[in-house]
Amino acid sequence: MKKIKLDIVGLSYSQTQSGAYALVLSEVNGRRRLPIIIGGFEAQAIAIEIEKMTPTRPLTHDLFRSFASSFDITVQEVIIYNLIDGIFYAKLICSDGKKQVEIDARTSDAIALAVRFDCPIHTYEFILSTAGIMIEGNDFVFLENMEGAATEEKVAESPSASYNSMSVEELKEKLQQALSEEAYEKAVKIRDELSKRKSS
């Protein structure tokens, strides 16, 4: 299967799940974006490294990097290799110069390590076509198979805005607003409500 390279383009607070964040990855040389809902600790770990901030004491991911470097182990690549029941699966491709090993990891942890080891992040076409958002000009178009914002693990749902009581016009307006604010996860929920209305 052909791998597709991804870049981190955004990290924003989830408006519908308390304590969760939306990590947005973008297809390199393409217009699709992949939003993943992650926890607050992992979001902080990714943001700190991207912003090149130095915490007073090493975070867990910093400790992993130091430990691995001490034994000449590097993370060469992160692959988001599967999407099952709305949950992403990732693995680290590690090497000590002689042997290459694949290690299963939560997607957020894998990406927190990818930014620390400065290694590429890849995924496969079926994942982008299932859970991606297509950008057309200045507009966003949700890919047909998308069922909702996928997560890196099951996150407890908190009560979201009552979209089912809104009219189609109100929902479309809310959708445009969410997209302009790049609130992808909120946009997915609104899109799902609109799709539900079309099919009923």
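Predicted model, so just to flag it, every value in this text is computed and none were measured.

Chemist: What exactly am I supposed to notice about the environment of E193 here?
Modeler: One can find E193 in helix α6 (residues 184-199). For E193 and Y163, which are 30 residues apart along the polypeptide, the C-alpha to C-alpha distance reads 6.8 Å. Setting aside anything within four residues of it in sequence, one finds E193 in contact with Y163, N164 and L171.

Chemist: What am I meant to see in the pairing of strand β4 (residues 74-84) here?
Modeler: With nine bridges joining them, β4 and strand β5 (residues 87-95) adopt antiparallel strand pairing. Looking across to β5, one finds that I80 is bridged to A90. The hairpin formed by β4 and β5 contains two residues between the paired strands, and D85 there has a positive phi angle of roughly 50°. Note: β4 against strand β7 (residues 121-124), three bridges, orientation parallel. Paired with V78 across the two strands is I121, which belongs to β7.

Chemist: Can you walk me through the packing of aromatic side chains in this structure?
Modeler: The full count for this structure, using the stated rule, is two aromatic pairs. The interplanar angle of 55° and the centroid separation of 6.4 Å between the aromatic rings of Y81 and Y89 together place this pair among those described as tilted. With a relative accessible area of 26%, Y81 lands in the partly exposed category.

Chemist: Honestly, the pattern of salt bridges in this entry has me stumped. Any pointers?
Modeler: Any two side chains of opposite charge can pair if their charged atoms end up close together. Taken as a whole and judged by the stated rule, the model has 10 salt bridges. Between E49 and K52 there is a salt bridge, with the nearest N and O atoms lying 3.3 Å from each other. Here K91 makes a salt bridge to E102, at a shortest N to O gap of 3.1 Å. A residue pair is termed long-range when its members are at least 10 positions apart, and K91 in strand β5 and E102 in strand β6 (residues 100-105) qualify at 11 residues. Assessed through its relative accessible area of 17%, K91 is described here as buried. A network of salt bridges, in which partner residues are shared, links E49, K52, D62, R65 and R116.

Criteria and thresholds
Residues numbered from 1 in each chain as written. Predicted model: local features only at pLDDT ≥ 70, side-chain atom pairs only at ≥ 80, totals over all residues. Heavy atoms only, no water. Helix = DSSP H or I, 4+ residues; strand = E, 2+ residues; numbered from the N terminus. Contact = heavy atoms within 4.5 Å. Pairing = 2+ DSSP bridges. Phe/Tyr/Trp six-rings, centres within 6.5 Å; stacked < 30°, edge-to-face > 60°. Buried < 20%, exposed > 50% of the residue type's maximum accessible area, 1.4 Å probe, protein only. Salt bridge = Lys/Arg side-chain N within 4 Å of Asp/Glu carboxyl O.

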